[in-house]
Amino acid sequence: MRKERFFIRKSFADSAFVRHCLIIILFCFPLLLSRSVAQSVNNRYLQYIEQYRDIAIEQMLKWKVPASITLAQGLLESAAGQSTLATKGNNHFGIKCHGWTGGTIYRDDDLKQECFRAYRSAYESYEDHSRFLATGQRYRSLFSLKLTDYKGWARGLKAAGYATNPRYAQGLIDIIENYHLNQYDKAKSYDKFMVERSHDTSSGGQPLHPIYIYNKNYYLYARQGDTFRSLADEIGISYRKLARYNERDKKDRLEPGEIIWLKKKQTKAPKELKRVPHVVQPGESMYSISQKYGIRLKSLYKLNKLTPDYTLQVGDRLKVR
């Protein structure tokens, strides 16, 4: 069992305003997206970025491959982690078996049933991708480019033959610019817990729960059959503490899709929400709203000068900061 230790680097807990805006769109207001925004911002992409950006930064600092390029390739090649190669073989970058002696997985590509590399974890895939580029002769010229030259890297990858799609380079550039991934190319540190987590493979034969970061905390979504005890065993912390962090009884049944926080919640939502009230929707409670924003239930009542006997109404506007 992993020791209970979490690392949150201030530079990423309080990162750029743009990132917070994207998280707000993903996490707080999915029903308010306009048609044009929904087309340009894919929630699945945002979740993938949240889950893997720290690995991309770690790899950049180790191998000198821009984090933006790594993330964009991972998003494009794995369909944001949803491709068969990613879900069955942890292969996020579509690397084939040439010169490979490890695990394999087969699927149709340019030819039928081509051989692709398979990995035990997402981290192995990211590490092999970095090594593949850094040690391959065909990609050597890319390492003379600046880490911030994502356009040069994208075009260089296509010119070197990484993919056959004629729009591959532009596809990477579009992803980087649409999701502001180039902000990570200037990073000097990363969240160690998120990187360590990516080394793990499974828990009890089941895929690990993806973990995300919001409001200086970590969270995951419960699945069918989850309990505080089963989640605690997977994460490596006391199930009593996990229940307490979520202001629940340790024996409570967890519903699929509900948010579970992995550290004690904050007293306020992120500062970008200072003038953005939460409008109560049907079926919401003070508790569910406190969970959504990662703030303590008592703090939510206090922010709004309410008492626990208040009956919440649809349309109520609540301060969360």
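The notes below deal with the structure included here.

Rules used in this analysis
- Residues numbered from 1 in each chain as written.
- Predicted model: local features only at pLDDT ≥ 70, side-chain atom pairs only at ≥ 80, totals over all residues.
- Heavy atoms only, no water.
- Pairing = 2+ DSSP bridges.
- Helix = DSSP H or I, 4+ residues; strand = E, 2+ residues; numbered from the N terminus.
- Expected span 1.5 Å × (residues − 1).
- Buried < 20%, exposed > 50% of the residue type's maximum accessible area, 1.4 Å probe, protein only.
- Polar contact = N/O pair within 3.5 Å; in protein donor to acceptor, adjacent residues only side chain to side chain.
- Axes fitted to C-alpha atoms, helices over the stretch in contact; angles between N-to-C directions.
- Contact = heavy atoms within 4.5 Å.
- Core = buried A, V, L, I, M, F, W, Y, C linked by side-chain atoms within 4.5 Å.
- Disulfide = S-S within 2.5 Å.

## Notes on the pairing of strand S2 (residues 114–117)
- Examined bridge by bridge, strand S1 (residues 104–107) and S2 share four bridges and lie antiparallel to one another. Each residue of the ladder has a partner; that of Thr104, found in S2, is Arg117.
- Hairpin connection from S1 to S2: six residues lie between these consecutive antiparallel strands, with Gln113 at a positive phi of about 50°.

## Side note on helix H4 (residues 43–63)
- The terminal C-alpha atoms of H4 lie 29 Å apart, and with 21 residues this matches the ideal 30 Å at 1.5 Å per residue to within 8%.
- Across the 21 residues of H4, 15 count as buried, placing the element largely inside the fold.
- Residue Asn42 occupies the N-cap position of H4, its side-chain oxygen lying 2.8 Å from the main-chain nitrogen of Arg44.
- Once H4 ends, the next one or two residues include Lys64, with phi positive near 70°.

## Section: the sheet that holds strand S5 (residues 212–214)
- Read from one edge of the open sheet, three strands run S5-S6-S7, paired in antiparallel fashion. Whereas interior strands pair on both sides, the edge strands pair on one side only; in this sheet they are S5 and strand S7 (259–261). Between one strand and the next, the sheet's axes are offset by a mean angle of 40°, whatever the strand orientation.
- Each of S5 and strand S6 (217–221) is contacted by H4, which is oriented at about 100° to S5, the strand it contacts most.

## As for the nonpolar core
- The biggest cluster of nonpolar side chains holds 44 residues, and the ones touching the most others in it are Leu75, Tyr126, Leu157, Tyr162, Tyr179 and Leu181.
- Mapped onto this core, the elements with two or more residues apiece are H4, helix H5 (67–78), helix H7 (122–135), helix H8 (150–159) and helix H9 (168–178).
- It is H4 that contributes the most residues to this core, nine residues altogether.
- Contact partners of Tyr162, with chain neighbours within four places excluded, come to Gln73, Glu77, Phe93, Ile95, His129, Phe132, Leu133, Tyr139, Leu157 and Tyr168.
- In terms of nonpolar packing, the next biggest core, distinct from the first, is built from 19 residues, Leu220, Leu231, Tyr245 and Leu262 among them.

## Brief notes about the state of the cysteines
- Following the criterion strictly, the structure yields one disulfide and no others.
- One disulfide in the model links Cys97 with Cys115; its S-S distance is 2.1 Å. Disulfide Cys97 to Cys115: torsion about the S-S bond roughly -70°, handedness left-handed. Here the residue Cys97 occupies a position in the loop between helix H6 (84–89) and S1, and Cys115 occupies one in strand S2, the gap between them amounting to 18 residues.
- Note on Cys97: relative accessible area 14%, which makes it buried.

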